[in-house]
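A structural walkthrough
The primary structure of each chain is shown beneath.
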Protein chains: 4
Amino acid sequence: MLAALRCHARPQIVLTRHLRSRRYASTIKFDFQDPLSSKELLLPEELEIQETARAYCQERLLTGVLDGYRDEHYDRNILKEMGSLGLLGATIPTHGCAGVSSVAYGLIAKEVERVDSGYRSGMSVQSSLVMGPIYEHGTSEQKDKYLPLLRDGVMVGCFGLTEPNHGSDPGSMETTAKPHPSKKGFYSLSGAKTWITNSPIADLVLVWAKLQETGKIRGFLIERDRCPPGTLETPAIKHKNGLRASITGMIHLDDCPVPEENMLQVEGLKGPFSCLNSARYGIAFGTMGALEDCIERARTYALDRKQFNNPLAKYQLIQKKLSDAVTDAAYGTLSAIQVGRLKDRGMVAPEMISMIKRQNCDRALVGARALQEIFGGNAASDEYHIGRHVANLFVVQTYEGQSDIHSLIIGKGITGIPAFS
Amino acid sequence: MLAALRCHARPQIVLTRHLRSRRYASTIKFDFQDPLSSKELLLPEELEIQETARAYCQERLLTGVLDGYRDEHYDRNILKEMGSLGLLGATIPTHGCAGVSSVAYGLIAKEVERVDSGYRSGMSVQSSLVMGPIYEHGTSEQKDKYLPLLRDGVMVGCFGLTEPNHGSDPGSMETTAKPHPSKKGFYSLSGAKTWITNSPIADLVLVWAKLQETGKIRGFLIERDRCPPGTLETPAIKHKNGLRASITGMIHLDDCPVPEENMLQVEGLKGPFSCLNSARYGIAFGTMGALEDCIERARTYALDRKQFNNPLAKYQLIQKKLSDAVTDAAYGTLSAIQVGRLKDRGMVAPEMISMIKRQNCDRALVGARALQEIFGGNAASDEYHIGRHVANLFVVQTYEGQSDIHSLIIGKGITGIPAFS
Amino acid sequence: MLAALRCHARPQIVLTRHLRSRRYASTIKFDFQDPLSSKELLLPEELEIQETARAYCQERLLTGVLDGYRDEHYDRNILKEMGSLGLLGATIPTHGCAGVSSVAYGLIAKEVERVDSGYRSGMSVQSSLVMGPIYEHGTSEQKDKYLPLLRDGVMVGCFGLTEPNHGSDPGSMETTAKPHPSKKGFYSLSGAKTWITNSPIADLVLVWAKLQETGKIRGFLIERDRCPPGTLETPAIKHKNGLRASITGMIHLDDCPVPEENMLQVEGLKGPFSCLNSARYGIAFGTMGALEDCIERARTYALDRKQFNNPLAKYQLIQKKLSDAVTDAAYGTLSAIQVGRLKDRGMVAPEMISMIKRQNCDRALVGARALQEIFGGNAASDEYHIGRHVANLFVVQTYEGQSDIHSLIIGKGITGIPAFS
Amino acid sequence: MLAALRCHARPQIVLTRHLRSRRYASTIKFDFQDPLSSKELLLPEELEIQETARAYCQERLLTGVLDGYRDEHYDRNILKEMGSLGLLGATIPTHGCAGVSSVAYGLIAKEVERVDSGYRSGMSVQSSLVMGPIYEHGTSEQKDKYLPLLRDGVMVGCFGLTEPNHGSDPGSMETTAKPHPSKKGFYSLSGAKTWITNSPIADLVLVWAKLQETGKIRGFLIERDRCPPGTLETPAIKHKNGLRASITGMIHLDDCPVPEENMLQVEGLKGPFSCLNSARYGIAFGTMGALEDCIERARTYALDRKQFNNPLAKYQLIQKKLSDAVTDAAYGTLSAIQVGRLKDRGMVAPEMISMIKRQNCDRALVGARALQEIFGGNAASDEYHIGRHVANLFVVQTYEGQSDIHSLIIGKGITGIPAFS
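Quick caveat: nothing in here was measured; it's all calculated off a predicted structure. Think of each chain on its own: its residues are numbered from 1, step by step along the sequence as written. As a convention, the first chain written is A and the first ligand written is 1, with the rest following in written order. Given that the model is predicted, a residue must reach a pLDDT of at least 70 before its local features are reported, and side-chain atom pairs must reach 80 or more before they are shown or counted; all residues, however, enter totals for whole chains, interfaces and linings. Computation of side-chain values covers all heavy atoms of the structure but excludes hydrogens and water.

Structural notes on the overall build of chain A
The number of helices and strands found in chain A is 11 helices and 9 strands. All radius of gyration figures rest on C-alpha atoms, and the globule criterion is 2.2 Å times the number of residues raised to 0.38. Taking 2.2 N^0.38 as the reference for a compact globule, 421 residues should give roughly 22 Å; the C-alpha atoms of chain A span a radius of gyration of 23 Å, in line with that estimate. Viewed in the frame of its principal axes, chain A has a C-alpha envelope of about 80 × 65 × 45 Å. Across the 421 residues of chain A, 67% fall into the buried class. Contacts are residue-level and defined by heavy atoms, with any inter-residue pair within 4.5 Å sufficient. A sequence separation of at least 24 residues applies to 75% of the contacts in chain A between residues at least 6 apart. Summed over all atoms, the accessible surface of chain A reaches about 13500 Å², with 53% contributed by carbon and sulfur. In this charge count, Lys and Arg are treated as positive and Asp and Glu as negative; neither His nor the chain ends contribute. Every charge is mapped to an atom, namely NZ of Lys, CZ of Arg, CG of Asp or CD of Glu. Of the charged side chains in chain A, 49 are positive and 47 negative, and the gap between their average positions amounts to 7 Å. We count a stretch as a helix when DSSP gives it H or I for four or more residues in a row; a strand needs E for two or more, and each element gets its number in order from the N terminus. Between buried and exposed lies partly exposed: a residue is buried under 20% and exposed over 50% of the maximum accessible area for its type, with that area taken using a 1.4 Å probe on protein chains only. Values of accessible area rely on a 1.4 Å probe in the Shrake-Rupley scheme; residue burial ignores everything except the protein chains shown.

Focus: the relation of the copies chain A and chain D
Superposition of the copies used a least-squares fit over C-alpha atoms from residues whose pLDDT is at least 70 in both. Aligned on chain D, chain A shows an RMSD of 0.0 Å; the corresponding rotation is 180° and the shift along the axis is 0.0 Å. A rotation of that kind, with that shift, is consistent with a two-fold axis. The fraction of interface residues of chain A whose copies in chain D are also interface residues reaches 100%, indicating that both copies meet through the same surface.

Notes on unusual backbone geometry
Phi at Asp255 of chain C is positive, roughly 50°, even though this residue is not glycine. Tracing the chain through its elements places Asp255 of chain C in strand 7 (residues 248-259). Assessed through its relative accessible area of 37%, Asp255 of chain C is described here as partly exposed. Despite not being glycine, His385 of chain D has its phi angle at roughly 70°, a positive value. Within the secondary structure layout, His385 of chain D lies in the loop between helix 9 (350-374) and helix 10 (386-398).

A closer look at the side chain of Arg218 of chain B
Residues and elements named next belong to chain B. Looking at where Arg218 falls in the secondary structure, it is placed in strand 5 (residues 217-223). Only 2.8 Å separates the side chain of Arg218 from the backbone oxygen of Leu264, close enough to count as a polar contact. Not counting residues within four places of it along the chain, the set of residues in contact with Arg218 comprises Val207, Trp208, Ala209, Leu211, Met263, Leu264, Gln265, Val266 and Glu267. Any pair of N or O atoms that falls within 3.5 Å is considered a polar contact. Within protein, one atom must be able to donate a hydrogen and the other to accept it, and sequence-neighbouring residues count only if both atoms are side-chain atoms.

Remarks on the pattern of salt bridges
It is possible for side chains of opposite charge to pair when their charged atoms get near one another. For salt bridges, the criterion is a side-chain nitrogen of Lys or Arg within 4 Å of an Asp or Glu carboxyl oxygen. A complete count under the given rule lists 108 salt bridges over all chains for this structure. In this structure, Arg114 of chain A and Glu111 of chain A form a salt bridge, with 2.9 Å as the shortest nitrogen-oxygen distance. Linking Arg114 of chain A with Glu111 of chain A, this pair stays in helix 4 (residues 102-115), spanning 3 residues, or about one helical turn. Assessed through its relative accessible area of 0%, Glu111 of chain A is described here as buried. The closest approach of N and O atoms between Arg388 of chain D and Asp116 of chain D, which form a salt bridge, is 2.6 Å. A residue pair is termed long-range when its members are at least 10 positions apart, and Arg388 of chain D in helix 10 and Asp116 of chain D in the loop between helix 4 (102-115) and helix 5 (117-137) qualify at 272 residues. Looking at Asp116 of chain D, the relative accessible area reads 0%, which means it is buried. Within the structure, one salt-bridge network assembled from shared partners comprises Arg54, Lys110, Glu111, Arg114 and Glu292 of chain A.

Some words on the pairing of strand 3 (residues 186-197) of chain B
It is a general feature of regular strands that their side chains alternate between the two faces of the sheet. Residues and elements named next belong to chain B. Two strands qualify as a pair provided DSSP detects at least 2 bridges between them. Here strand 2 (residues 176-179) pairs with strand 3 via 4 bridges, running antiparallel. From the neighbouring strand, Pro179 faces strand 3, where its bridge partner is Tyr187. What sits between the antiparallel neighbours strand 2 and strand 3 is a turn of 6 residues, in which Gly185 has the positive phi angle 80°. As paired strands, strand 3 and strand 7 (residues 248-259) are joined by 9 bridges and run antiparallel to one another. Of the residues in strand 7, the one forming a bridge with Lys193 is Ile251.

Overview of the interface of chain C and chain D
Every contact between the two is made by 99 residues of chain C and, on the other side, 99 residues of chain D. At the boundary of chain C and chain D, one finds 4 salt bridges. Two residues, Arg358 of chain C and Asp324 of chain D, come together in a salt bridge whose shortest N-O distance is 2.7 Å. Taken together, chain C and chain D are joined by 32 residue pairs in polar contact (both at pLDDT 80 or more). At the level of secondary structure, the elements contributing two or more residues to the side of chain C that touches chain D comprise helix 1 (2-25), helix 2 (44-71), helix 3 (77-84), helix 5 (117-137), helix 7 (270-304), helix 8 (316-344), helix 9 (350-374) and helix 11 (403-415) of chain C. No other element matches the 19 residues that helix 8 of chain C contributes to the side of chain C that touches chain D. The residue makeup of the side of chain C that touches chain D, split by class, is 45 nonpolar, 30 polar and 24 charged. Residue polarity is assigned by list, with Asp, Glu, Lys and Arg as charged and Ala, Val, Leu, Ile, Met, Phe, Trp, Tyr, Cys and Pro as nonpolar; anything else, Gly included, falls into the polar class.

Considering the interface of chain A and chain D
Taken together, the contacts link 4 residues of chain A with 4 residues of chain D. The quantity reported as buried area is the accessible area (1.4 Å probe) lost by two parts once they are put together, taken as the sum for both. For the pair chain A and chain D, the summed buried area comes to about 450 Å², and 66% of that belongs to carbon and sulfur atoms. Inspection of the chain A/chain D interface yields 3 residue pairs in polar contact (both at pLDDT 80 or more). Among the residues forming the side of chain A that touches chain D, the class breakdown is 2 nonpolar, 1 polar and 1 charged.

Side note on the state of the cysteines
All names here are of chain A. Count a disulfide wherever a pair of cysteine sulfur atoms falls within 2.5 Å. Under the criterion given, the structure shown has 0 disulfides over all chains. Between Cys275, a free cysteine, and Cys158, which holds the nearest cysteine sulfur, the sulfur-to-sulfur gap is 13 Å. Cys275 gets classed as buried once you look at its relative accessible area, which sits at 4%.

Focus: the packing of helix 5 of chain D against helix 7 (residues 270-304) of chain D
Residues and elements named next belong to chain D. Contact geometry of helix 5 with helix 7 gives a least axis separation of 9 Å together with a crossing angle of 150°. Here helix 5 is positioned roughly antiparallel relative to helix 7, judged by the angle of their axes. Pair helix 5 / helix 7 crosses with right-handed handedness. Two secondary-structure elements touch here, helix 5 through Ser117, Arg120, Ser128, Leu129, Pro133 and His137 and helix 7 through Gly271, Ser274, Cys275, Leu276, Ser278, Ala279, Gly282, Ile283 and Ala290. Helix axes are fitted to C-alpha atoms over the stretch in contact, other axes to C-alpha atoms as well, and angles between N-to-C directions run from 0 to 180 degrees. Angles below 35 degrees are treated as roughly parallel, those above 145 as roughly antiparallel, those between 65 and 115 as roughly perpendicular, and all remaining angles as oblique. A crossing counts as left-handed when the near helix is turned anticlockwise from the far one by less than a right angle, and as right-handed when that turn is clockwise.

In structure tokens form, the structure reads like this:
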């Protein structure tokens, strides 16, 4: 066996020797913003996309986020601007979309969420939850009609799955679709959806409903401006504890007529679930941006703020908080890149998505909370931004699968036994 | 900017489209033993090396570990067997060593530590802390003389850095080397080292001492059988709380004569620290093996053991523990692979090593402890192995840099400010 | 020795036997609202005070808290109403104050904080940080003049210690008092204080400043309506992340003239610190009210909300969160009662206050956060109240000694060694 | 309402004023060994009992514990010595037992567990699990026959409830009792029990079995020396991970004949459960002793051990660990005293016992583990004692209701919904 091992190792020897010489040629400096050099795993075009997204987010989004958050105001021009940069539906390879890798999509999410999880939510919904299912499950006509408009952000979409009484368990949904009693070639949809990002401003409302004839879940693309008055209402939910820079609402459907040709070509929960996997992937990647922003801000504060004649950054209890958060950011980013690569190779299992969605959300939240302590009393001021991230990240942890639900999805993957109920 | 993004993305489109078709061709099943498909990052020869190591460890080491642990007995033939398989000093590209990648070395560590952290410790010391410094800092004569013997495990080495009064702060060491008063061409070494893996059975004792003439720390290779009686004693430390399957001892030097030509060609703490980085890298990788063994055993127990008419695996509180541990194992393995690749490309900063050593040790320990709870009262029996892993992992967390010390090393990397004292 | 033990035990025997018979006469039902029967430790009048406070808080404060929190509005009539009930300065035994025990004061704080930590903050400042120091360190004239007005809430006070650059380290304050250059019998105060609860609405501003002549810290009672324009400004701090139902501001002093007779009769940091101990005691007790409200609301939600055909309350992961929080509420309440009793007997050490302030704040925050997860997506709505408690409790954890600072105060108490810097 | 409050408060005023004068008469020093002055809650005779127990444990037990733990040896003379001091069955008010309060019993447990949880286990079993049920459910004859012998420790008892396949769910036990086929007036018992403290040395084996005739669980007192050969075997379980200073074994019953008059007068699970409540109470109190010993040792080590020119005790990360553990010890002790008082007044609900058993075990374990880190590499030596406490406390956390099971008992108490299966 010894022989075999040594034999196989031979080409390595050369490689190793070569690298070894390089090792002594350079002193590597630790970079807290990319502690485990994840950028070495990125393609040049991915780095460039990240740079594009970052520049836009820092220059355009950051300036307005405090006001947007205070006033619970979301400017739909943001989607237009993102669209003009090619950031919407970016993984779609057709219809003029950018056709980038999942990792590139994750990097976009990260840069947007570095500013605010709410802005990332708005982008995620448009890209993964509206454009995604249309691309995956739409007819050619649906794709040709909607994708270009959504891509450019001139049409805003939303995704209606969660119902007031069915959060973690969408299979029990109560919204129904049945042949319209009076309009031929139309379905009639009735029911209610809640916590729907972008619903109050959406032009295109994707609603998942149980088709009465089959009992199966189907997706419907509802164009707001073709709905008779009173059949589609999308009131905003105000006074949110987090994600206040994004807009959230309900969807009330009351015998809303939807043309048959607006039904998606997929049956059952796998329709919404496949898009959710993409959205969750974006969340897993995106939260690392929020965490990194917290780290950056906490570090700066700790270096600038002096107490007992030392900068806070000199205190062990402060350094521990920074070390923990930086570690989690590094680990979370590596895992998101890995799953992105697997995703593009068709090798991703849903449990992997659950794992990184859960872990990265959990750790981003824990990290942001710990870093918030560094600011002491000043953390109470929203101008330090960290309180906003903390509030946002809590919501992000609960949506698209609350942390515990993902624990049980992973648990089922490990044991083969469902423990949801 | 839009144009640029879309343009760069073009080659991606093709790639993405190709992969997308593959996605629907296969259903990916979640594998709790490699949850994020880290094996996709390994070269074929690395997988083969892992397989070789795994077979040996499971067939040969596992069978004796309970007795070894109970009796605090370490069989030095283990090193000979490892040597015959090419597992010792495996990253060294000369002197008949395997010359494998750092990742391959990590995989060997993982497979050994899957059985017992103590066995991995014995291997780490020989490879990273004895062969490593000789390869890095030895003269040609030293290399030619010692590396082949150490490689084959016929000579056992140990590494003496830590002193009774100086654990986390080796720069304050008290062991000294001065010109021997009576033997020309010899240094005389005096001092004490403690918690030295393998010292009681070592043939070659590498000791770090302050050279009286310069005040600088230097390394000395002491051949036990050339030491006059009473000048080198290596009593074993018994009644350990963990790592009982490995052997640990002290080193007492009393005017021990060491030939000048046995001094290593490196000055200062960078001598021991560069080897420690390799050893710590192996620990970071290795602990994931111990954690995976805990997962495997806890999962099996939870599936087999019934309480209240259900297997334990059906309970949410059990599934949460499993999910947490599996996630940490997956993340820890990815980070170890990443750092290994960087290491071989000369791109590793010491803080990266601190980060993965700290995090993987911490999480392995936390995970093992949580999984131990699954065994209920039966955890108290050593036949379930998990208590042994828990006890081992605590020690592993403290050695080669206690977790808090690494927090501060990382903290210094982040803030630029030392907070050690 | 046996004899002695048995002998001493004799009176116990009777007691025990008597009780034992009672044990079988009654079945004790577990009460999650008072899990360890802390009410058995309360005097009848204390229970009555709690009842009075609770009725007021639930009937009057709860109804307005959502609006107050949303709009960052604090109604100063609240203090008048509390005053009319005898809830202000309640431990003071003179000047018509209630003269109740520290435990009774804690119970008042608990009932107020059950509604909102901000309302409790407003009450704490008036009682512990303004009336307290006047009662402890004021002249007879000061007491007679201010205590009755403060007691009734017709005069509102605030407490200015923290400065923009000196949070955890008030000894480094920069605010100074010196003989007024032009007004005889007056001091001139200059400096800035920040994060001062009630400052924008305060009639009486207690400011701690360094007396130029001695370098010692002294307290000054500044009547707003006697300050020349421009010498005292108290701008509100808006856009807070928490405690939005209370009002917070800065204090800017610019050669503000203060009559000599308005100086308190205490020198050095022990002046503000003795009051802080009382305020912190109230916080330790009060946070248990916020935590209990979270428990009550989360439990109700978990019982009402069904997912996967079961109420959430049936799920193990939910029950664990509830069990943890209920345990912390029970333990925290016991400890607060104990310290209150010791306080009234003159047996309290400052470290005890640090211990319960730190632990109860920490655990209330951890508990509230965990319970918030039970609400899933609905937690984002402020109508469930829990998000407000979470945001408040974070601020409460940081003020009047951030958690880590109290760790170090306790640490110094344990080891005798200061580790603040 | 104001009037009422002030009126009620009047007697308090006097009290408060009196105390207040005392406050300034004395400076209270923080005592890390009793941080919240729990001793103020103890009666003089309870303090004396604690002193008696402490002196014995420190003088007699501590000296042998290392050897006992290393060799897995338990000296049954320990029980005789405890008996001679009146420490066994101490709450029983008859048959020459001490008849002390539950708190006094808890203090005894605490002093014994300060040395070793295994010694406390041996004492707990004798007192709470053998003498307890005989006193509570025994006939006069049983009491008169066994209690004096058990009280003096000349007879050793054990308690057989847990079975190999039924740990957390004793209601599913398989051990049966049926009329003996050949010996009139005898039952025949068959089955197996495991993890039974003291079983290998027990003279009196209390076994819980299902009575075949009724299907109800009944308790049987089996005198070892009256069992025909082969009908009762109690092999020791060796190679334990913790509690090695106590002796643990199995009970194998093979048609073991037991006289009818040796059956206890209680039916169903309430028989064993009422005793378990007492035992668990002792555990909740006792673990605080182990934790306090860890604190004491870690503090001493941190003060003595210097690194980077300072005692470890000067480092913030060390002080935080100490602060946390000291806080948990203080809170846990208060809660145990409170429940003890309630217990003696017949006011204890089982959920209270679950709460303090769970919480105190959990926190003792967490605290001990964190403190163990202070010892760095030296923690691996058993001579620092802390590794032993850590290993013990893990077992204590799992026995007599694993932590999670108690979470669910508490959860059921809170929600009314069982979630065990």
